[in-house]
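Below are the chains, spelled out letter by letter.
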Amino acid sequence: PEEQLQKLLAAKSVNEGFFMLRQFYLGQLDLAIHGEVPPTDAAGLQALVDQLRPKLSLIENPPGCNMLRSFGHLMNQYSAAYYGYLWAEVLSADMFATKFEKDPFSVEAGMAYRKQVL
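These figures come from a predicted structure and were not determined experimentally.

Definitions and cut-offs
- Residues numbered from 1 in each chain as written.
- Predicted model: local features only at pLDDT ≥ 70, side-chain atom pairs only at ≥ 80, totals over all residues.
- Heavy atoms only, no water.
- Patch = residues over 30% accessible without salt bridge, like charges linked within 9 Å, V, L, I, M, F, W, Y side chains within 5 Å.
- Areas by Shrake-Rupley, 256 points an atom, 1.4 Å probe, with all protein chains shown as cover.
- Salt bridge = Lys/Arg side-chain N within 4 Å of Asp/Glu carboxyl O.
- Helix = DSSP H or I, 4+ residues; strand = E, 2+ residues; numbered from the N terminus.
- Buried < 20%, exposed > 50% of the residue type's maximum accessible area, 1.4 Å probe, protein only.
- Expected span 1.5 Å × (residues − 1).
- Phe/Tyr/Trp six-rings, centres within 6.5 Å; stacked < 30°, edge-to-face > 60°.
- Contact = heavy atoms within 4.5 Å.

**Q** Pulling in residues and values, what's your account of a nonpolar patch on the surface?
**A** On the surface, a nonpolar cluster with roughly 500 Å² of combined accessible area is contributed by L31, Y83, W87, V90 and L91. A per-element tally of the nonpolar patch places helix α5 (residues 84-100) first, with three residues. Among the residues examined, L91 registers a relative accessible area of 53% and is labelled exposed.

Right under this line is the structure:
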């Protein structure tokens, strides 16, 4: 029904802010781990997570919970570059707003994107 559809559409971005805060938290965590004075042991990593998570994501960290134990991105692929995910969001939003928002199917804008970006 139309009323239900409108409610779903109105709620589609309800957690977007928390997602962005989480990405910001993970980027800052990555920079701290790969920075000039990284934690030197498991207790230091736990203290870092316990400090940064509530401060940046606005969600308390449960006692003893450390998502670094299962978050391989930070240790084997990104090496202080996880914040790039948020930059990609910014760049893609800017590109859409300036080149494609008026006409997402513009051949001219699409060819410019193909030649200048891809």
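**Q** Please set out helix α2 (residues 16-33) residue by residue, giving values where relevant.
**A** The terminal C-alpha atoms of α2 lie 26 Å apart, and with 18 residues this matches the ideal 26 Å at 1.5 Å per residue to within 8%. Among the residues of α2, those classed as buried are Q23, Y25, L26, G27, L29, D30 and I33.

**Q** So what about unusual backbone geometry? Which residues, and what values?
**A** Where the residue is not glycine, phi is negative for most of them; where a peptide bond is considered, it is trans in most cases. The backbone of L58 sits at a positive phi, close to 65 degrees, despite the residue not being glycine. With respect to the element layout, L58 can be found in the loop between α3 (42-57) and α4 (73-76).

**Q** Describe the packing of aromatic side chains, naming the residues involved and giving the relevant values.
**A** In the structure shown here, the tally under the stated rule is three aromatic pairs. For the ring pair F71 and Y82, a centre distance of 5.5 Å and an interplane angle of 70 degrees mean the geometry is edge-to-face. Placement of the pair is F71 in the loop between α3 and α4 and Y82 in the loop between α4 and α5, with a sequence separation of eleven residues. Look at Y82 and Y85: their rings are 4.8 Å apart centre to centre, the planes differ by 65 degrees, and that puts the pair in the edge-to-face class. Feature note: the residues F71, Y82 and Y85 constitute an aromatic cluster, connected by ring pairs.

**Q** Tell me about the environment of Q23, residues and numbers included.
**A** With respect to the helices, strands and loops of the structure, Q23 is situated in helix α2. Spatially, the C-alpha atoms of Q23 and L56 are 9.5 Å apart, while their sequence positions differ by 33 residues. Not counting residues up to four positions away in its chain, the partners in contact with Q23 are Y82, Y85 and L86.

Treat this as a map of the structure, not an account of what it does.
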